[in-house]
Structure formats: structure tokens, C-alpha cells
Amino acid sequence: MTSVLRWTVVAVLAGHGLIHLLGVVKGFGWAGVTQLKQPIGPGVGVIWLLAATLVLATAVLIAAQAPTWWWLVAVLGAVASEVAIVTSWSDAKYGTAANLILLLAAVYGFASLGPTSLHAQFRDRATEAVTDAHAAPEALVTEGDLADLPEPLAAYIRRSGAVGKPRVTNFSAHFHGRIRSGPDQAWMPFTGEQLNTYGPRPERVFIMDATRSGLPVTVLHSFRDTTATMRAKVLSLFTVVNASGPQMDRGETVTVFNDLVVLAPSAIVDAPVRWTAVELTTCRGPSPTGIKPCPRN
């Protein structure tokens, strides 16, 4: 949910929840409420109080970008609110419009964060990948591990501080910035998170939340067993990209390789890569051209 849309929904729900307090005041006889002409007793006042609490709680949870379950609170709030409105329909019927907004927010919350969402798939795959990576025994990187590597690459690993420390089996990274799909396309602000694991079965899972034309777009990349996929959804509901195949596999393999060299140098010593020195600062490695420059030491 974009910032403007999120705060608009928060404002509507906050006002809607506060209005429910009028039913509480009248139901418990704390004061006269001229806006509500139909009688409200203490029992119905409890329903108005429950509705107010749930709707206001939903507004707070959305404002705080709450955990994955806030959509459930939103659904309960919409139901309680509508029950309260029905008890004073002629006075409060226009509140149904706010409840429709609340239900739409709940649908989006379920689609974007619920158990079937791309975010849930990211969490599940990341957890599984880390579990597999931790199954491998940890060992320190030694000078002996560098003996068979080209000297520029060995020097790079030394300069990274990896020697004498445990091998990196996995890492996570968080990103924010902007991205566009072509030189003539508009920039899209985004935040992203990825998890990489290294060992016998290198994996990479990456999720990105971007905004295009004011609408939220979620993208999930996955690389496992040399196979890559990418899916993108608008509003977490409508699939606009569902890519896979040899070209995707090749491109994501290069990305995993680049992450290895730049973000996890100590994992290079166990990587299934055949390195060959070409020049003082160049090695032959797996890349689209067959030549991959060694990092400068």
C-alpha cells in the first residue's frame, strides 16, 4: 500500500472508529447524543464499543505497518461495525461506506501479507533455505583454501578479512531506492529484501515492493537448483509477470554469482567455479562472455 493511500485509509478509519464512540456514550447513558435518535441500550452499547475498538485498532495497525495478521482485525472490525450500524440504521447507515473501505483494506492486507501472498512465499522459502544452509558444517577459511585460486582473487579474499573466520553459508540484505523497466520509463521507488545461501545448493530469494502509477507492485524472484522464476503482482491481486525458462535461469545465475563475489567473499573458496588467471587483475569465470574480472585487491 502506497504512503498516500495508507494514510488516507488510516484517516477514514480513525474518523469512523471515533464516530462509533457516540453509540457507546448513548448506550451507557453518559450523555445525550442528538445525532442518534433511535434508542441504544447498554447491551447494544457494548457492540458499539467493540466496533470502535476494532476499527481504531485497525487504523493504528495500518499506520504502524503492522504484522501480517492486521487484516483479520479489519474483518472483525467491519463485521462488528455493521452490526452496530444495523441497530441504528436510519441514523448510521452511511457508515456502511466506511465499512466497505475497511473490507477492501482487509482484502488487500490478506492478499499482500496473508498465507497465500508473495511475502508469505518469500518467508517460507527463506526459512527453508537457511535451514538447508545450516545443515552444512561450518569451518574457518584458511590460507590453504586459497592455494588453488588465482592470486588476484586470493588477495581479494584476504583483503575482505575472511581468512581465519567461518565461511559464509548465508546472508540477508535490505535495499531501497528506485528502479525502472526501460530508459524511457518512469522511475519506481522500491524497497527490497533478499536472502542468499551458498553450499552444494546455492539459493537466492528476493522480494521487492515498488510503486508504479500510484499502485503497489510486489515482485518475487526465486533461484533454486539452477532454476529461476519471477512473478509480479499489482495490488498483490493481479499477476502482471510470470517468467521462467532458460534465459531467466541464466540471468539469475549471474546475479547469484555477482552476489557471491561482492557480498560473500569467504564463500568463494567452496563455490563450484573453475577460475583461471588471464591477466594480473582478470580471471576467467562463469559469465555471459566467459570472462569475469577479478575484484581489485
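Scroll up to find the structure.
Parameters and conventions
Residues numbered from 1 in each chain as written. Predicted model: local features only at pLDDT ≥ 70, side-chain atom pairs only at ≥ 80, totals over all residues. Heavy atoms only, no water. Helix = DSSP H or I, 4+ residues; strand = E, 2+ residues; numbered from the N terminus. Buried < 20%, exposed > 50% of the residue type's maximum accessible area, 1.4 Å probe, protein only. Contact = heavy atoms within 4.5 Å. Pairing = 2+ DSSP bridges. Expected span 1.5 Å × (residues − 1). Axes fitted to C-alpha atoms, helices over the stretch in contact; angles between N-to-C directions. Parallel < 35°, antiparallel > 145°, perpendicular 65-115°, else oblique. Left-handed = near helix turned anticlockwise from the far one by under 90°. Nonpolar A, V, L, I, M, F, W, Y, C, P; charged D, E, K, R; others polar. Phe/Tyr/Trp six-rings, centres within 6.5 Å; stacked < 30°, edge-to-face > 60°. Lys NZ or Arg CZ within 6 Å of the ring centre and 35° of its normal.

Novice: Please clarify how the side chain of S112 should be interpreted in this entry.
Specialist: Relative to the elements of secondary structure, S112 occurs in helix α5 (residues 95-113). We classify S112 as buried; its relative accessible area is 7%. Each residue touching S112, except ones within four places of it in the same chain, is listed here: S117, H119 and S236.

Novice: Help me understand the pairing of strand β4 (residues 215-224) in this model?
Specialist: A regular strand places its side chains on the two faces of the sheet in alternate fashion. Across the 10 residues that make up β4, a large majority, eight, are buried. Pairing geometry for strand β3 (residues 203-212) and β4, over 10 bridges, is antiparallel. What sits directly across from A210, in β4, is V217. Between the end of β3 and the start of β4, which pair antiparallel, lie two residues, with S213 showing a positive phi angle near 55°. With eight bridges joining them, β4 and strand β5 (residues 227-234) adopt antiparallel strand pairing.

Novice: I keep staring at helix α8 (residues 246-263) and nothing clicks. Help me out?
Specialist: Helical geometry: 3.6 residues make up each α-helical turn, so side chains three or four residues apart lie on a common side. Its 18 residues give α8 an end-to-end C-alpha distance of 25 Å, which sits within 8% of 26 Å, the value for a rise of 1.5 Å per residue. Restricting attention to buried positions, one finds in α8 the residues M248, D249, E252, V254, V256, F257, D259, L260 and V261.

Novice: What should I look at first to understand the packing of helix α1 (residues 3-27) against α5 in this one?
Specialist: A pair of packed helices is captured by two measures, namely the crossing angle of their axes and the spacing between those axes. One can describe the packing of α1 onto α5 by two numbers: an axis separation of 10 Å at closest approach and a directional angle of 135°. In this view, α1 runs oblique relative to α5, as classed from their interaxial angle. Judged by the sense of rotation from one axis to the other, the crossing of α1 with α5 is left-handed. Here V9, V12, L13 and H16 of α1 lie close against α5, whose contacting residues are G95, A98, N99, I101, L102 and A105.

Novice: Could you clarify how one ought to interpret the sheet that holds β4 in this entry?
Specialist: Hydrogen bonds between backbone groups are what pair the strands of a sheet, and the pairing can be parallel or antiparallel. In spatial order, the strands read β1-β2-β3-β4-β5-β6; together these six strands make up an open sheet with antiparallel pairing. Across the chains shown, the open sheet's two edge strands, defined by having one partner strand only, are β1 (170-179) and β6 (238-244). Between one strand axis and the next, the sheet turns through 10° on average, direction left out of account. As defined by bridge partners, β5 adjoins β6 across six bridges and the pair is classed as antiparallel. Residue A232 lies in a different strand from β6, and its bridge partner there is V241. Packed on one face of the sheet, α8 meets β1, β2 (188-197), β3, β4, β5 and β6 and runs near 100° to β5.

Novice: Any chance you could explain the packing of α1 against helix α2 (residues 42-63) here in plain terms?
Specialist: With their axes 8 Å apart at the nearest point, α1 and α2 run at an angle of 160° to one another. Judged by the angle between their axes, α1 and α2 are roughly antiparallel. The handedness of the crossing between α1 and α2 comes out as left-handed. Of the residues assigned to the contact of α1 with α2, the class counts are 18 nonpolar, seven polar and one charged.

Novice: What is the right way to read the packing of aromatic side chains from this model?
Specialist: To describe a pair of aromatic rings, you give the distance between the ring centres and the angle between the ring planes. Across all of its chains, the model carries five aromatic pairs by this definition. The interplanar angle of 20° and the centroid separation of 5.2 Å between the aromatic rings of F28 and W30 together place this pair among those described as stacked. Exposure remark for W30: the relative accessible area of 58% places this residue in the exposed category. One Lys or Arg, R178, reaches over the ring of W187 and ends 4.1 Å from the middle of that ring.

All quantities given are derived from atomic positions and should not be read as evidence of function.
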